[in-house]
Amino acid sequence: MKKFIIIMIILVFSLCEKTFANNGQNYYQTVINTKELAGPVFEKMRGYLYYNLSGMGTAYPYVLDLVDPATLDQMAPATYKGMEVGLYKFEGTYHHIYMINNLAVDDFLGTVAHEYAHAWQTENCPHNQNIVIKEGFADWVAYKVLQMDGALNAANNIFYRADPVYGKGFKIILGVEDQRGIAGVMEYVKKTVNGE
Ligand SMILES: [Zn+2]
């Protein structure tokens, strides 16, 4: 009887442990709500860019912060209020990326890649570059990263975007890639101001 009780206790214990382990994993796969969860996804994104998009990376340091929707809304430019899930600002000596809290992992990966592309643009592209090219390139970077990660649904959401800024700009950059390849895209955005 004593042996039986001990075995039962061990069994219950190991079952509990399994449940908690699964919960931890599902939690990680569902939303990004702490800097500890955001960090590895951000580093994975930087690796994809460095190794697959012609050594794409930034020289200035960066700060990544998670903020609640109201805070992000306050910082967003008027035209984007209520729509932004990420925001980029160059704050004199460092790149600052603000990400909305509780994004699904794929959405976080795509959005943080988009914002990081803006950081790269600050260092490499004409500052008076057309907004269509600017946003189109940032979406193209997000699209590439999502494809590399196998997040094909999220990549398709970018591909089928049809608005006159992001959607239009993305198609322009995709056209440049078709003709000149990835290195050609990087050269194109470093030089182009209008490009429509
Ligand atoms: Zn943008």
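Peer 1: Can you walk me through the overall build of the protein chain in this structure?
Peer 2: The secondary structure content of the protein chain amounts to seven helices and five strands. When the helices and strands of the protein chain are read in sequence order from the N terminus, they spell out α-β-α-β-α-β-β-β-α-α-α-α. In the protein chain, the proportion of contacts linking residues at least 24 apart, taken out of those at least 6 apart, comes to 70%.

Peer 1: Would you mind showing me how to read the environment of Thr 71 here?
Peer 2: Within the secondary structure, Thr 71 sits in helix 3 (residues 69-75). Each C-alpha atom, one on Thr 71 and one on Tyr 98, is 9.6 Å from the other, the two residues being 27 residues apart in sequence.

Peer 1: Mind showing me how you'd approach the nonpolar core here?
Peer 2: Side chains of nonpolar character tend, in soluble globular proteins, to be buried together. If you look at the biggest cluster of nonpolar residues, it comprises 44 residues, and the most contacted ones within it are Met 45, Met 99, Val 112, Ala 113 and Val 145. Those elements that provide at least two residues to this core are helix 2 (35-52), strand 4 (95-100), helix 4 (105-124), helix 5 (131-148), helix 6 (152-159) and helix 7 (166-191). In terms of residues, this core owes the most to one element, helix 5, which gives 10 residues. Other than its neighbours up to four places away in sequence, Val 112 contacts Val 41, Phe 42, Met 45, Gly 86, Ile 97 and Met 99.

Peer 1: Hey, could you run me through the confidence of the model for the protein chain in this one?
Peer 2: Interpretation of the predicted coordinates at a detailed level should be avoided for regions scoring low in pLDDT. Overall, the predicted model of the protein chain reaches an average pLDDT of 88, with 85% of residues at or above 70. Taken as a whole, residues 16-28 scores under 50 in pLDDT and shows one contact with residues more than four places along the chain or in a different chain.

Peer 1: I'm lost on the packing of helix 4 against helix 5 in this one. Help?
Peer 2: Two quantities define a packed helix pair, namely the angle between the axes and the distance from one axis to the other. Two elements in contact, helix 4 and helix 5, have axes separated by 8 Å at closest approach and are oriented at 135°. Regarding the angle of helix 4 to helix 5, the classification is oblique. Considering how the two elements wind past one another, helix 4 and helix 5 form a crossing that is right-handed. Residues Asp 106, Leu 109, Gly 110, Ala 113, His 114, Ala 117, His 118 and Gln 121 of helix 4 pack against Lys 134, Phe 137, Ala 138, Asp 139, Val 141, Ala 142, Val 145 and Leu 146 of helix 5. Partitioning the contact of helix 4 with helix 5 into residue classes produces nine nonpolar, four polar and three charged.

Peer 1: Explanation requested: the sheet that holds strand 4 in the structure shown.
Peer 2: In a beta sheet, neighbouring strands are held together by backbone hydrogen bonds and run either parallel or antiparallel to one another. Taken in spatial order, the three strands of this open sheet run 2-4-3, and their pairing is mixed. In this open sheet, the two edge strands, each paired with only one partner strand, are strand 2 (62-67) and strand 3 (86-90). Averaged over neighbouring strand pairs, the angle between their axes works out to 20° when direction is ignored. Strand direction decides the pairing type here: strand 3 and strand 4, joined by five bridges, are antiparallel. Paired with Gly 86 across the strands is Met 99, a residue of strand 4.

Peer 1: Explain helix 4 to me, please; I cannot follow it from the model alone.
Peer 2: One turn of the α-helix equals 3.6 residues, which is why residues spaced by three or four share an orientation. In this model helix 4 runs 28 Å from its N-terminal to its C-terminal C-alpha over 20 residues, within 8% of the 28 Å that 1.5 Å per residue would give. Counting buried residues in helix 4 gives 15 out of 20 residues, a clear majority hidden from the surface.

Peer 1: What should I look at first to understand the packing of helix 5 against helix 6 in this one?
Peer 2: Closest axis-to-axis distance for the helix 5/helix 6 pair is 8 Å, and the angle between their directions is 155°. Judged on the interaxial angle alone, helix 6 and helix 5 are roughly antiparallel. For helix 5 against helix 6, the interelement crossing comes out left-handed. Between helix 5 and helix 6, the residues in contact are Asp 139, Ala 142, Tyr 143, Leu 146 and Gln 147 and Ala 154, Ala 155, Ile 158 and Phe 159, respectively. Within the contact of helix 5 with helix 6, the residues separate by chemical class into seven nonpolar, one polar and one charged.

Peer 1: Can you walk me through unusual backbone geometry in this structure?
Peer 2: A negative phi holds for most residues other than glycine; trans holds for most peptide bonds. One non-glycine residue with positive phi stands out, namely Ser 54, at about 55°. When you line up the elements, Ser 54 lands in the loop between helix 2 and strand 2.

Peer 1: Sorry, what's going on with the environment of Leu 49 here?
Peer 2: With respect to the secondary-structure elements, Leu 49 resides in helix 2. Put simply, Leu 49 and Ala 113 are 64 residues apart on the chain and 8.7 Å apart in space, counted from C-alpha to C-alpha.

Peer 1: What exactly am I supposed to notice about the pairing of strand 4 here?
Peer 2: Most of strand 4 sits inside the fold, with five of its six residues counted as buried. As defined by bridge partners, strand 2 adjoins strand 4 across six bridges and the pair is classed as parallel. If you follow Val 63 over to strand 4, its bridge partner there is His 96. Counting the residues that bridge the hairpin from strand 3 to strand 4 gives four residues, and of these Gly 92 lies at a positive phi of roughly 85°.

What counts as what
Residues numbered from 1 in each chain as written. Predicted model: local features only at pLDDT ≥ 70, side-chain atom pairs only at ≥ 80, totals over all residues. Helix = DSSP H or I, 4+ residues; strand = E, 2+ residues; numbered from the N terminus. Contact = placed C-beta atoms within 7 Å. Core = buried A, V, L, I, M, F, W, Y, C linked by C-beta atoms within 7 Å. Buried ≥ 20, exposed ≤ 12 C-beta atoms within 10 Å, placed from the backbone. pLDDT = per-residue confidence, 0-100. Axes fitted to C-alpha atoms, helices over the stretch in contact; angles between N-to-C directions. Parallel < 35°, antiparallel > 145°, perpendicular 65-115°, else oblique. Left-handed = near helix turned anticlockwise from the far one by under 90°. Nonpolar A, V, L, I, M, F, W, Y, C, P; charged D, E, K, R; others polar. Pairing = 2+ DSSP bridges. Expected span 1.5 Å × (residues − 1).

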